Structure formats: structure tokens, C-alpha cells
Amino acid sequence: MNAEAHDPAAARDAVKDADRKHVFHSWSAQELIDPPAVAGAEGSYFWDYDGNRYLDFSSALVYTNIGYQHPKVTAALQEQAARLCTVAPGFAVDVRSEAARLIAERTPGDLDKIFFTNAGAEAVENAVRMARVHTGRPKVLSAYRSYHGATSTAINLTGDARRFGNDTATAGVVHFWGPFAYRSPFYAATEAEECERALRHIEDTIVFEGPQSIAAVILETVGGAPGVLVPPAGYLPGVRELCDRHGIVLILDEVMVGFGRTGTWFAAEHWDVVPDLLCFAKGVTSGYVPLGGVAISPAIAETFARRPYPGGLTYSGHILACAAAVATINVMEEEDIVGRSARTGAELLGPGLRALAERHPSVGEVRGLGTFWALELVRDAATREPLVPYNASGADNAPMAAFGAACRKGGLWPLLAGNRIHVAPPCNIEARDVAKGLEILGEALSVTDAHMR
């Protein structure tokens with residue numbers, strides 16, 4: 001080990017060798033991947049053992065909302081670890097109660113009770129369980145073009161291709177089409193028309209599935225993995241009204257978009273919608289320690305006031321995770337990170353990405369909010385044919401693979417999904433780093449332009 005400490009190449013090789021031998025990676029054919037070995041990270045950057053430094057436009061997996069290694073959060077974790085590392089979830093503990101209070105104060109409306117989980121998928125699992133017990137109904141409606149996690153119920157709720165290998169068709173899930181004006185499933189010509197037709201579609205789905213059998217509708221407030229899908233103005237209020245009319249629980253999945261990502265504490269604030277249950281994770285601790293949870297309305301909390309909730313987790317509200325949440329939220333307040341995210345989107349990322357679209361014909365659409373954006377890449381601007389087919393792999397995905405390689409060669413770490421690049425840097429990214437990232441993106445887009453028909 002001492003030799004490796006003075007030999008970065010040896011250290012890299014040791015890390016990669018141990019990874020190959022012992023680590024089983026998500027969503028991967030294990031022998032076909034070669035994970036980079038990360039040596040360190042700070043702020044909006046991480047670097048490898050060979051000295052390559054990358055500007056992270058992915059925020060890891062859209063969770064380092066305050067960047068890597070913020071000193072106030074790492075100090076808070078060290079202090080908490082020295083005082084109390086863990087205790088069973090059935091005890092009242094100061095840092096757990098404080099984390100719950102800080103989260104509840106920032107959720108929309110009167111979602112004042114917090115059930116802690118370890119991550120977002122568990123939050124979704126428990127929100128659905130709460131809705132089913134509360135209503136006594138079995139079915140849950142979820143959108144195509146969605147991602148809700150990889151656990152049993154969550155993966156069945158998911159509406160993208162990752163569901164295919166896991167879907168049992170027995171989870172009581174019914175999928176419907178949500179609004180997506182650029183690729184409208186309703187042949188709409190305007191945003192208003194898309195909204196109207198999407199609402200009519202979900203209403204028809206509710207009617208034909210039987211409202212009395214539907215426990216919940218779950219939606220990503222802004223669709224994350226499916227392509228940063230920002231709903232049209234009236235859609236979420238319309239779904240809220242439909243749920244109220246039929247006694248259906250509205251669950252908003254804000255695992256990816258909560259805690260400043262869209263320029264508000266929670267994305268629901270953009271449309272003044274209050275769900276019955278709100279799922280969160282990722283940004284609540286900036287990913288420093290895994291933590292997720294469900295914010296619960298008074299009506300659903302009352303269901304379990306004298307009736308035991310049939311669920312629990314060994315590490316619910318883990319002390320170190322809650323300490324990370326308290327420190328992260330306090331940093332976000334002190335440094336106005338939510339406001340910075342909003343200004344970065346409005347003044348830098350939005351205009352900069354739209355300027356790239358004007359120069360590069362392979363960019364079919366730019367969409368986003370705050371520090372959460374996507375470029376839809378196409379082969380044909382007129383027909384909107386995607387740059388690569390849905391769920392492409394291997395040779396079919398070669399144009400996107402080449403684009404990603406060009407980004408990395410320039411020192412930018414991209415988040416690629418299908419025929420899109422998602423632009424999700426830390427919410428507190430510096431203006432100079434936004435400019436640098438946009439410059440690298442512009443150079444890399446020459447690769448995708450070359451694939452235009």
C-alpha cells in the first residue's frame with residue numbers, strides 16, 4: 001500500500017482490480033464494463049488517479065446538490081460520529097427530530113410528518129403502502145416515461161425500459177401517458193392542447209379502471225430519468241383535482257428534483273400543488289449519506305394515529321444520515337443554494353443551452369428548470385427522429401457513445417440517457433464552470449451533428 005500511495009498508476013490498478021473481482025454493478029453486464037477509478041472530488045469536480053479532472057454535469061446521479069466535500073457537512077458528520085453514530089429507530093433523538101422538522105418546514109402545504117427511509121425507492125414503496133392502507137384500494141396509476149426505483153413495487157411503477165426485466169404484471173400497477181409536447185402521444189399541436197388531452201386521457205384511465213379500485217396516482221413532479229419532462233402549466237393542478245374528485249391519493253416523487261434542483265425547495269412549488277404524500281431522497285443530504293423519506297399529509301397521518309403502520313426499516317432515520325440532512329439544509333439556507341439554482345437556470349444554463357441548440361441542428365429541444373436540463377438529440381430536426389432508437393445498445397447506440405466520449409475527452413462528465421444528455425450540475429456551480437461546461441458541450445455536439453440525415 002505504501003508503494004501504491006506514491007504510484008498513482010499502481011493505486012489505480014489496485015482499485016480497479018479489486019472492483020472487478022468483488023463489486024457487482026447496477027444495470028450492467030459485469031464483464032462488459034470498465035468503471036473509472038475515482039481518486040477524489042471537491043465542489044463541482046472529481047478526478048481519477050491519472051490526473052484527469054472532470055467537471056461533473058451529472059451531480060453523481062443527480063444528488064450532489066451542494067457539490068462534493070462541502071466542509072460544513074463533512075465537519076457535521078465527524079462531530080455527530082464522535083457523539084452518537086447510531087441508535088434504533090424507535091427512540092426519539094435530537095438530530096433525527098431536527099432533520100424531520102427542517103424537511104417538514106420546506107415541503108409544500110401541511111406535510112408535517114416525515115417517515116424516513118434509506119433511499120428513494122424505499123420512499124416510493126412506503127408511500128404506495130400508505131396510500132393502499134389509507135384508502136383500502138389496490139391499484140396505483142403511474143406514467144410511462146417515468147422512473148421510481150428498482151425495488152419490487154417501484155420498478156413495476158417505473159415506465160421506462162428498466163421495468164422490462166422485472167415487471168411481474170401482478171403489482172396492481174396501471175400505466176398511462178403523461179404530457180410530453182415534443183413527442184406528444186396525443187398528437188397535440190400546442191402545450192395547452194397537450195395538457196388538455198393528457199388530462200382527458202388520465203381521467204378516462206381512472207374511469208375505465210374504476211375509481212373505487214384506485215389507491216393512488218404517482219407522478220414525478222418533473223420527469224427525471226425519462227428526459228427532464230416539465231409538465232405544462234395546468235397539468236399537475238388538473239391531476240390534483242381528479243384525485244380529489246375520486247378520493248385518490250396523489251403521490252409526488254421528488255427524489256430527483258427536491259431540495260433546490262429546479263430552483264425551488266420542491267418542484268411542486270412551481271405549480272402550487274400540494275400532494276398527499278411526497279417522496280424525497282438524494283439532495284436531502286447531497287448524497288453524503290443515504291437518506292430518503294415520505295412527507296405525509298394530516299389525513300393520511302391520522303389513519304395511523306391509533307392503527308399501527310404495517311412497515312418499518314432497521315435504519316429509518318439513521319443518525320449519521322440525519323446529521324448530514326441537517327447540515328445540508330442549513331448550508332442551503334446560509335448560501336442561498338435554492339436561489340442560486342434558480343438564477344443559474346434562468347441566467348446561464350437556459351440561455352446557454354438554447355444558444356447551443358441554435359448552432360447545432362442535432363439538438364431538437366432544450367427543456368428544464370433551475371439546474372436540471374436536457375438536450376433532446378435527433379437525426380432529423382423536421383421529423384424529430386431520435387439520434388438513437390429507444391433503449392438502444394451496442395452499435396445502435398454508437399452516436400451517443402461517441403458523444404459521451406467527446407465530452408469526457410474535453411473534461412466534462414455527462415449524464416446520458418437514451419438520445420439525451422441531461423445537464424444537472426451541482427446547484428451551487430460557479431458561473432465560470434457553467435461557461436466551461438457549455439463550451440465543452442458545444443465542441444462535443446459536432447459529433448452528433450455529423451449523424452444528421
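Please read these numbers as outputs of a predicted model, since none were measured by experiment.

Q: Any chance you could explain the overall build of the protein here in plain terms?
A: The helix and strand inventory of the protein stands at 14 helices and 16 strands. Expected size for 453 residues packed as a compact globule is a radius of gyration near 22 Å; at 22 Å, the protein falls within 12% of this value. Across its three principal axes, the protein shows a C-alpha extent of roughly 60 × 60 × 40 Å. The buried share among the 453 residues of the protein stands at 53%. Pairs at least 24 apart in sequence give 71% of the contacts found in the protein among residues at least 6 apart. Summed over its atoms, the accessible surface of the protein is roughly 19,500 Å², and 53% of this surface lies on carbon and sulfur atoms. Charge separation in the protein, taken as the distance between the mean sites of 40 positive and 53 negative side-chain charges, equals 2 Å.

Q: Hey, could you run me through the packing of aromatic side chains in this one?
A: Describing an aromatic ring pair means giving the distance of the ring centres and the angle of the ring planes. Going through the model one piece at a time under the given rule, you end up with 10 aromatic pairs. When the ring of Tyr54 is compared with that of Trp413, the centres are 5.3 Å apart and the planes differ by 75°; the resulting orientation is edge-to-face. Here Tyr54, found in strand 3 (residues 53–56), pairs with Trp413, found in strand 14 (residues 412–413); they are 359 residues apart in sequence, far enough to count as distant. Between the aromatic rings of Phe115 and Tyr309, the centroid separation amounts to 5.6 Å while the plane-to-plane angle is 70°, which identifies the pairing as edge-to-face. Of this pair, Phe115 sits in strand 4 (residues 113–117) while Tyr309 is found in the loop between helix 10 (298–303) and helix 11 (319–334), placing the two residues 194 residues apart along the sequence. Note on Tyr309: relative accessible area 19%, which makes it buried. The structure contains a cluster of three or more aromatic residues connected by ring pairs, namely Phe259, Trp265, Phe266 and Phe280. Arg106 extends its terminal NZ or CZ atom over the ring of Trp265, reaching a point 5.0 Å from the ring centre. Above the plane of the ring of Trp27 lies Arg162, whose end atom (NZ or CZ) is 5.6 Å from the centre.

Q: Is there a simple way to explain the pattern of salt bridges in this structure?
A: In a structure, side chains of opposite charge can pair up when their charged atoms sit close to one another. Scanning all chains against the criterion turns up 25 salt bridges. A salt bridge links Arg200 to Glu196; the shortest N-O distance between them is 3.1 Å. Pair noted here: Arg200 and Glu196 are both in helix 8 (residues 191–209), with a separation of four residues, about one helical turn. Two residues, Arg245 and Glu203, come together in a salt bridge whose shortest N-O distance is 2.8 Å. Of this pair, Arg245 sits in helix 9 (residues 235–246) while Glu203 sits in helix 8; the two residues are 42 residues apart in sequence, bridging distant segments of the chain. The network of salt bridges with common partners includes Glu98, Arg101, Glu105, Arg106 and Glu333.

Q: Where do I start with unusual backbone geometry in this structure?
A: Glycine aside, a negative phi is what most residues show, and trans is what most peptide bonds show. Even without being glycine, Phe259 reaches a positive phi, approximately 60°. Looking at the secondary structure, you find Phe259 in the loop between strand 8 (249–253) and strand 9 (277–280). The exposure class assigned to Phe259 is buried, which follows from its relative accessible area of 0%. The backbone phi angle of Lys282 is positive, close to 40°, even though this residue is not glycine. Among the structural elements, Lys282 can be located in the loop between strand 9 and strand 10 (292–296). For Lys282, a relative accessible area of 22% gives the class partly exposed.

Calculation criteria
- Residues numbered from 1 in each chain as written.
- Predicted model: local features only at pLDDT ≥ 70, side-chain atom pairs only at ≥ 80, totals over all residues.
- Heavy atoms only, no water.
- Helix = DSSP H or I, 4+ residues; strand = E, 2+ residues; numbered from the N terminus.
- Rg over C-alpha atoms; globule rule 2.2 N^0.38 Å.
- Buried < 20%, exposed > 50% of the residue type's maximum accessible area, 1.4 Å probe, protein only.
- Contact = heavy atoms within 4.5 Å.
- Areas by Shrake-Rupley, 256 points an atom, 1.4 Å probe, with all protein chains shown as cover.
- Lys, Arg positive; Asp, Glu negative; His and termini not counted.
- Charge placed at Lys NZ, Arg CZ, Asp CG, Glu CD.
- Phe/Tyr/Trp six-rings, centres within 6.5 Å; stacked < 30°, edge-to-face > 60°.
- Lys NZ or Arg CZ within 6 Å of the ring centre and 35° of its normal.
- Salt bridge = Lys/Arg side-chain N within 4 Å of Asp/Glu carboxyl O.

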